[in-house]
Amino acid sequence: MTEDLPRPFDGLLVIDLCSEIAGPYASKLFVDAGARVIKIEPNGGDPLRRWTASQQDLAPEESSPLFQYLNASKKGIALDPRDARDRARIGRFAERADILFEDWGPGGLEARGLDPEKWLESNPRLSIVRLSPWGQVGPWADRPANDFTLQAATGSTENRGLPDRRPVAAGGRIGDWIGGSFASVAALAAWRSARQTGEGQVVDLSVFEAMIQCFTVFGDLGSQFSGGLQSRSIELPSIEPTKDGHVGFCTISAQQWKDFCSMLGRQDVADDPVYLDGGQRMANLDFIQDMMHSWTREKTTDEIIELCELLRIPVAPIGNGRDLPEFDHLIERGAFERAPGGFLQPRPPWRLETTSPAPIGRTAALDEDRDELLALLEKPVTTPVVRVGQSDLPFAGLRVIDLTAFWAGPYATSILSDLGADVIKIESIQRPDGMRFATPIRNDVLWEWGHVYHGVNPGKRDVTLRLDHEKGVGLVKRLIEDADVVIENFSARVMPRFGLDEATVKALNGRAIFVRMPAFGLDGPWRDRQGFAMTVEQVSGMAWVTGYEDLPLVVRGVCDPIGSAHAIFALGLALEERQRTGLGQTVEVALVEPALAVAAEQVIEYSAYGELLGRDSNAMPHAAPQGLFETAQPDERIAVSVTNEKQWGGLCRALEAEDWDQSESLASHRGRLAEHDALCARLSAWLRPQGRDAALERLLAEGVPAAASINNYALWPNAQLDHRGFFQTMKHPHTGETRYPSFPAIFSRFERDLHRSPPPTLGQHNREVLQSELGIDDKELAQLEADGIIGTRPSFM
C-alpha cells in the first residue's frame, strides 16, 4: 500500500480534549484510519507526557514513548479554559469538528464555562463523546476512581487468585484501554448516525460499565441463573512451569480437557467426569498441579507447544515486553513497527484489502502547532451536512450473517444488532455455539442457560444449518447473497473447509464485507492454532503483568470484548471503503492484535529503555500506595489507589497523617513508590479495625479513589447502574425475566434499552428466515429437519 492511498476517514476532523490513556487511544484509532486529530492540552500538558512505567528521567521537552504511541500524528495546541479567549477557541474548534472526545469528569465542561449543548447548536453534526469513570450522572458520578478501584467495583478482582492468598487485579491499567476501545465504537456510532440524520448528539460513556462488559464474564447473569457467590480461583490448566520457562494452556471444552489429560499420560483423570468441572479442579488444586507440573517441568516450552498443536489443544508461549517482538509469528505478520521515537510499537490491529493504516507521524511538542491551528479558526466553516439515510441507529439497514461462536465474535454482532443491524446467527444442531454449554445448570434444556451466551447474543435471530452438508451450506450461501456483512471468528482453516472462503463469498456477493476474527490471523506460523481469550492474554503480555510475583495469571476473558470493539471499528472502515468503491472486501482483525495494542506499554518500555515490566500482586508502577485492604468484617475488603499529589493529600487528611503530608521524600510519586510497602502497611493498620462503609465514606470524602471489592456475583443491586438504566430486563422463553447488561454508554438520541429481543433459542427462527426469506415450503422444511440439516435441539442431547 502506498502512503498516499485514500483512507476511510480522510477529511474527518476529531478534537481530543483528553489526557492519559482512554480518550487518546480512542482518537488514535481514528488517526490510524486517516482522520485529522487536534489534541487540546492544558498549559501544563497531558501528564502522560512525563510518565514512564520504569520511572525514567526525561529531558525537559521530551515526551514519553507511551505518550508518543497514543498521540503521534495529532496536531497540538495548549488552551486554558479559565481564559475567556481560550474558551471561545475551544468552542470554535468544536464548530468545525465531526467528533469531540472529552474526559473532564461529570459536568467538567460546564464547570469550566463550556457548554456542549451550545456546541451542538452551532454545529448540529457534531458527535461529543464524554468519558468518565462512572458516567456523567448517577449517585456515584462524582466518586474519585481509577482503573484499579473500578476493577474492584465490578467484582473482577475479588475472584482472581488463589484461595489462600490475596485477590489480585489485572495489571497494565487495562480498564483505561477498555474505555478507549469502547469510546471509539461510541464515536463511530454517533458519527454515522449524525451523517444519516444531520443531527449530532452527546454520548455519555461510563468506563465502569465498559469494564463490567469485559472483566466479569457476565457474572450478574450467572448469579441470576445459579445463585450464590463465586469462589476465588485460577484457571486449571493455565500458565504452567516448563523446563525452560512457562507455557500457557486453555481447555475450554470437555474434549480439550480430556485431550490435555491424555497428553499428560493420565487417562484415568481424563475419564473421570468429576474433573470436567473447573470448580472441582480448584477443590483438588494440589493434586491437579502435581499432575501437571510433574509432566510440564520435564519438557521445554517448544516441545509442549508442538504436542499441543498436534492434539488441537489451545496453547501459547507467555509473552512479555522483551520476548514478544521475537516470536516468529509476530515477526512474519509485522505486528510491531519502529516509531519515529526509535522504540517498537504495535501496528494498528486491522487489515483491509483496499487501504492501509496511516504511517506513524511525529508527535507534536506541547503547543507546537499553535499558529497553524489558530489560523484554522480564521477560515470559514464549510463542511456540509451529508444525509445518506434516515434512521437514527448507525447500522440500520445492514444484514449481518453471523457465523461466530463463543465470545468475541458474538459480542461484536450483538452490538451491531443494538445499533440497528439485522443479525442472523448461524449454528448447527451438531455443533451449537459452545458458550451455550458453559453453565453449571443441569436440566433438559441446559444449552439455553449459558450465561455468557445470554450476555453476547441479545437482539439476534437464530437459524440452525449444518455446514458440513451440501444442503446446509447451500442455504447459508443463499443468505450471503443478500448480506452486507459476513462475520466469523474461527481459526483460518475452518471456513474454507466448509466451502466459505473469501473467493466464494466475493463470488456470491461482491458487496459483502467478510469480517474474519481468527485468534492469530489468516497467515503466519500460528494461523491454524486454536485460541481463546485466555490464550491471547497469555501470549499478548496481559498475563505477564497480572498475578503474583511467582505466578502470572490470565485476566479472564477481557481480550474478547476488546477484540469485539476493534472488529466493529474495522467494519466501520470497510463500510466507508464500500461507499467509496462500491465493493465489499475481507477485513481481518486477529484477536491477538487488539490485545497487543492495549498491552503496548510493555514492548514500548523494553524497546525504549531495556526495562522488563512485571507483576507484584496489586503493586503497580502508576500508583502508590495501592492495594486491597481488610476491614473489620471478614471478606469486606477495600481497594485504594493513589496516583497523583491531590489524591495523596486527601489520603494524608483521611488518616490524619501529618508526618506523611510534611515529608519531602513522599511529596513525589517516585518517592511514594519507593516506600510503597511501608505506606500500605500503615494504611492497612488504619483500615483493619474499621467498618468498610465508614472507611470508604471517609476516603471518598477526601478525594481518594477507593471502592468496595465485591464478589463477581454480587454486582446487583447497584444504585449507580440502576440510575443509569444499565440493565434491560427481558423475558426469555426458558430463563424468564432476566436482567441483561446494555452497551456502556447513554446516547442522547437513542433509547437506552437497545436490545431488541432476548438471546435466541437454538433454531428459534428457522421457519421465519428459511420460509419467509428464502421461500422454503413446509414440505422442504420438514425434510431439512428430518435430515438433521436444521433443528431446535442438539443432536447429541
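Note that the coordinates shown come from a computational prediction; the quantities given were computed from them, not determined experimentally.

## A few points about the packing of aromatic side chains
What the rule picks out here adds up to 25 aromatic pairs. Summarising the aromatic geometry, the rings of Tyr25 and Trp177 are spaced 5.2 Å apart at their centres and angled 70 degrees between planes, so their arrangement reads as edge-to-face. Of this pair, Tyr25 sits in helix 1 (residues 22–32) while Trp177 is found in helix 7 (residues 174–197), placing the two residues 152 residues apart along the sequence. Neither residue differs from the other here; Tyr25 and Trp177 are each classed as buried. On the basis of an interplanar angle of 50 degrees and a centroid distance of 5.8 Å, the ring pair of Phe327 and Trp526 is categorised as tilted. Placement of the pair is Phe327 in the loop between strand 9 (315–317) and helix 15 (328–332) and Trp526 in the loop between strand 17 (513–516) and helix 22 (533–540), with a sequence separation of 199 residues. Residues Phe327 and Trp526 agree in their burial class; the two are buried.

## Quick notes on the sheet that holds strand 8 (residues 245–249)
Reading across the sheet, the 3 strands line up as 7-8-9 and stay open at both edges, with antiparallel pairing between neighbours. In the strand order of this sheet, the two ends are held by strand 7 (239–242) and strand 9, each with one partner. Ignoring strand direction, the axes of neighbouring strands in this sheet form an average angle of 35 degrees. Strand direction decides the pairing type here: strand 8 and strand 9, joined by 3 bridges, are antiparallel. Bridging from a neighbouring strand, Val247 pairs with Pro317 of strand 9. Across the face of the sheet, helix 22 comes into contact with strand 7, strand 8 and strand 9 while running at roughly 10 degrees to strand 9.

## Overview of the pairing of strand 15 (residues 461–464)
Burial along strand 15 is two-sided: the residues Arg461 and Val463 and Asp462 and Thr464 are all buried. Of the strand pairs in this sheet, strand 14 (residues 422–427) and strand 15 are connected by 4 bridges, and their pairing is parallel. Bridge assignment links Lys425 to a residue of strand 15, and that residue is Asp462. Tracing the backbone out of strand 14, into helix 18 (residues 451–456) and back to the parallel element strand 15 gives a crossover that is right-handed.

## Regarding helix 7
Taking 1.5 Å per residue, 24 residues should reach 34 Å; helix 7 reaches 35 Å between its end C-alpha atoms and fits that length. Counting buried residues in helix 7 gives 23 out of 24 residues, a clear majority hidden from the surface. Remark: Gly198 follows helix 7 within two positions and exhibits a positive phi of approximately 80 degrees.

## Description of helix 23 (residues 559–581)
Relative to the 33 Å expected for 23 residues at 1.5 Å per residue, helix 23 spans 32 Å between its end C-alpha atoms, a close match to the ideal helical length. The buried fraction of helix 23 amounts to 20 of the 23 residues, a majority that puts the element mostly inside the structure. Once helix 23 ends, the next one or two residues include Gly582, with phi positive near 80 degrees.

## Concerning the side chain of Ser491
Counting through the fold element by element, Ser491 comes out in the loop between strand 16 (485–488) and helix 20 (494–497). In this structure Ser491 touches Arg312, Pro518, Arg527, Asp528 and Arg529, once residues within four positions along its chain are discounted.

## Overview of unusual backbone geometry
For residues besides glycine, phi is generally negative; the peptide bonds are generally trans as well. The linkage connecting Leu236 with the following residue, Pro237, adopts the cis geometry, with an omega of -5 degrees. Summarising the element assignment, Pro237 is placed in the loop between helix 9 (219–226) and strand 7. Cis geometry is found at the peptide bond from Ala624 to Pro625, where omega equals -5 degrees. You will see that Asp367, though not glycine, has its phi angle at about 65 degrees, which is positive. If you trace the backbone, Asp367 turns up in the loop between strand 12 (351–352) and helix 16 (370–377).

Conventions used here
- Residues numbered from 1 in each chain as written.
- Predicted model: local features only at pLDDT ≥ 70, side-chain atom pairs only at ≥ 80, totals over all residues.
- Heavy atoms only, no water.
- Phe/Tyr/Trp six-rings, centres within 6.5 Å; stacked < 30°, edge-to-face > 60°.
- Helix = DSSP H or I, 4+ residues; strand = E, 2+ residues; numbered from the N terminus.
- Buried < 20%, exposed > 50% of the residue type's maximum accessible area, 1.4 Å probe, protein only.
- Pairing = 2+ DSSP bridges.
- Axes fitted to C-alpha atoms, helices over the stretch in contact; angles between N-to-C directions.
- Contact = heavy atoms within 4.5 Å.
- Right-handed = clockwise from strand over helix to strand, strands pointing away.
- Expected span 1.5 Å × (residues − 1).

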